[in-house]
Amino acid sequence: MAATTLHQAVGTLQSCRNNCKSGLCPDYGHASFRSVSKGFKVDVGLLRGGSYCSRKRSTCVIQASASQATFLDAASATSSSTTSDSKKKTSEAALILIRHGESMWNEKNLFTGCVDVPLTTKGVEEAIEAGKRISNIPVDMIYTSALIRAQMTAMLAMTQHRRKKVPTIIHEESEQAGAWSQIFSEETKKQCIPVVTAWQLNERMYGELQGLNKQETADRYGKEQVHEWRRSYDIPPPNGESLEMCAERAVAYFKEHIEPQLAGGKNIMIAAHGNSLRSIIMYLDKLTSQEVISLELSTGIPMLYIFKEGMFIRRGSPAAPTEAGVYAYTKTLAQYRQKLDDMFQ
């Protein structure tokens, strides 16, 4: 079988530590994670012939010998003991990146930037489809931008998750907001996933281009000038941000707030935007400023990384949760699928 011909990393996805100050961290127990990659183009979220792992000083390629679609091996372990053997196991955590579904200004071909507009019907459908693709991957915390299209995408995606836990936005903008949004049932807290919103994950601010039709802008300023504003790394549009400026805030936030959660064994989903996610992927994959400007991310396509031993290993896009795409070729996965089915009947 194709899956057995590959030597993919299999590790332990450790449960959420009880160190979230909101008290909303769920407990997933332990799980093992197996993935087999296929495809390569980022815009469809798949890899071909191997997995890419990023290190601080270099990028390495692990070649694979089969082409089965990425799947999840999430067989639950039964023991929570802290023996010396378990302490020696290397922790792994999942990182899911999703660009929001199509927005109403995407549909109208307008520069959106930091203008807060919702999803279209197509965008809603893309978010739901993204949720189906990640429905069997444990999610302990969610980070989104402060913009509604990213938040809608995260919430809609989680409606498809097999664990049926409820994403709950953490309100810390004021003391009163924090006090008024408290949950007083410990049992309910266990069934919630904390959602943290951060403006640092917002889309690149397009300055004086925001709200302008892209074709009309090209006609006015010239295609080359508009292309330079949109695709150069360090040239901003009038009174706006360059990709470099967007990366400074997005990557700094990721390093300070999200990476420590991954290091602690929490499985994280980020729902954000084309440019803020390009910035984060540039950091994860150690892309150069020239490589990142050609990076394209499609709306509503999740990308999966595994964080292990301080490295980010890209796994591509999780396949939809079908028997053929996810659970085929492995007895362990079939057993785990049966456990989920029994749990949620």
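For the structure itself, consult the block above.
Residues numbered from 1 in each chain as written. Predicted model: local features only at pLDDT ≥ 70, side-chain atom pairs only at ≥ 80, totals over all residues. Heavy atoms only, no water.

Draft legend 1. Region of interest: the overall build of the chain. Secondary structure summary: the chain contains 13 helices and eleven strands in total. Sequence separation of at least 24 residues holds for 75% of the intrachain contacts in the chain that already meet a minimum separation of 6. Summed over all atoms, the accessible surface of the chain reaches about 16200 Å², with 50% contributed by carbon and sulfur. (Helix = DSSP H or I, 4+ residues; strand = E, 2+ residues; numbered from the N terminus. Contact = heavy atoms within 4.5 Å. Areas by Shrake-Rupley, 256 points an atom, 1.4 Å probe, with all protein chains shown as cover.)

Draft legend 2. Representation of the pairing of strand E11 (residues 311-316) in the model. Here E11 lies mainly inside the structure; six of its six residues are buried. Direction of pairing for strand E10 (residues 302-308) relative to E11: antiparallel, over a ladder of five bridges. Paired with Ile306 across the two strands is Ile313, which belongs to E11. Connecting the antiparallel pair E10 and E11 is a turn made up of two residues, with Glu309 showing a positive phi of about 55°. (Buried < 20%, exposed > 50% of the residue type's maximum accessible area, 1.4 Å probe, protein only. Pairing = 2+ DSSP bridges.)

Draft legend 3. Just the pairing of strand E8 (residues 192-197), in detail. Relative to E8, strand E6 (residues 141-144) runs parallel, the two being bridged by three bridges. Residue Tyr143 lies in a different strand from E8, and its bridge partner there is Val196. As paired strands, strand E7 (residues 166-169) and E8 are joined by four bridges and run parallel to one another. Bridge pairing links Val166 to Cys192 in E8.

Draft legend 4. Seen up close, helix H8 (residues 223-231). Buried within H8 are the following residues: Val226, Trp229 and Arg231. Those residues of H8 that are buried lie in contact with helix H7 (214-221) and helix H10 (274-285).

Draft legend 5. Local environment of a negative patch on the surface. A grouping of Glu224, Glu228, Asp234, Glu244 and Glu248 is seen on the molecular surface, where their side chains present a negatively charged patch. Looking at the negative patch, the elements that each hand over two or more residues are H8 and helix H9 (243-263). Here Glu224 shows up in helix H8. (Patch = residues over 30% accessible without salt bridge, like charges linked within 9 Å, V, L, I, M, F, W, Y side chains within 5 Å. Salt bridge = Lys/Arg side-chain N within 4 Å of Asp/Glu carboxyl O. Lys, Arg positive; Asp, Glu negative; His and termini not counted. Charge placed at Lys NZ, Arg CZ, Asp CG, Glu CD.)

Draft legend 6. Here's a closer look at the side chain of Thr217. Within the secondary structure, Thr217 is located in helix H7. Overall, Thr217 belongs to the buried group, its relative accessible area being 2%. If near-sequence neighbours (up to four positions away) are discounted, Thr217 is found in contact with Phe111, Leu209, Leu212, Gly222 and Val226.

Draft legend 7. Highlighting unusual backbone geometry. Of note, Asn109 is a non-glycine position whose phi angle comes to about 60°, a positive value. Among the secondary structure elements, Asn109 is positioned in the loop between helix H2 (104-107) and helix H3 (121-133). Non-glycine residue Lys164 carries a positive phi angle of around 60°. Position of Lys164 among the secondary structure elements: in the loop between helix H4 (148-158) and E7.

Draft legend 8. Region of interest: the packing of H7 against H8. Viewed as axis vectors pointing N to C, H7 and H8 meet at an angle of 120°, and their least axial separation amounts to 6 Å. Taken as axis vectors, H7 and H8 run oblique relative to one another. Here Lys214, Thr217, Ala218 and Tyr221 of H7 lie close against H8, whose contacting residues are Lys223, Gln225, Val226, Trp229 and Arg230. For the contact of H7 with H8, the residue count by class is four nonpolar, two polar and three charged. (Axes fitted to C-alpha atoms, helices over the stretch in contact; angles between N-to-C directions. Parallel < 35°, antiparallel > 145°, perpendicular 65-115°, else oblique. Nonpolar A, V, L, I, M, F, W, Y, C, P; charged D, E, K, R; others polar.)

Draft legend 9. Looking closely at H9. The sharpest bend along H9 reaches about 40° and sits at Lys255. Along H9, the residues classified as buried are Leu243, Cys246, Ala247, Arg249, Ala250, Val251, Tyr253, Phe254, Ile258, Glu259 and Leu262. Downstream of H9 by one or two residues, Gly265 has phi in the positive range, about 95°. (Bend = angle between axes of the 7 residues up to and from the residue.)

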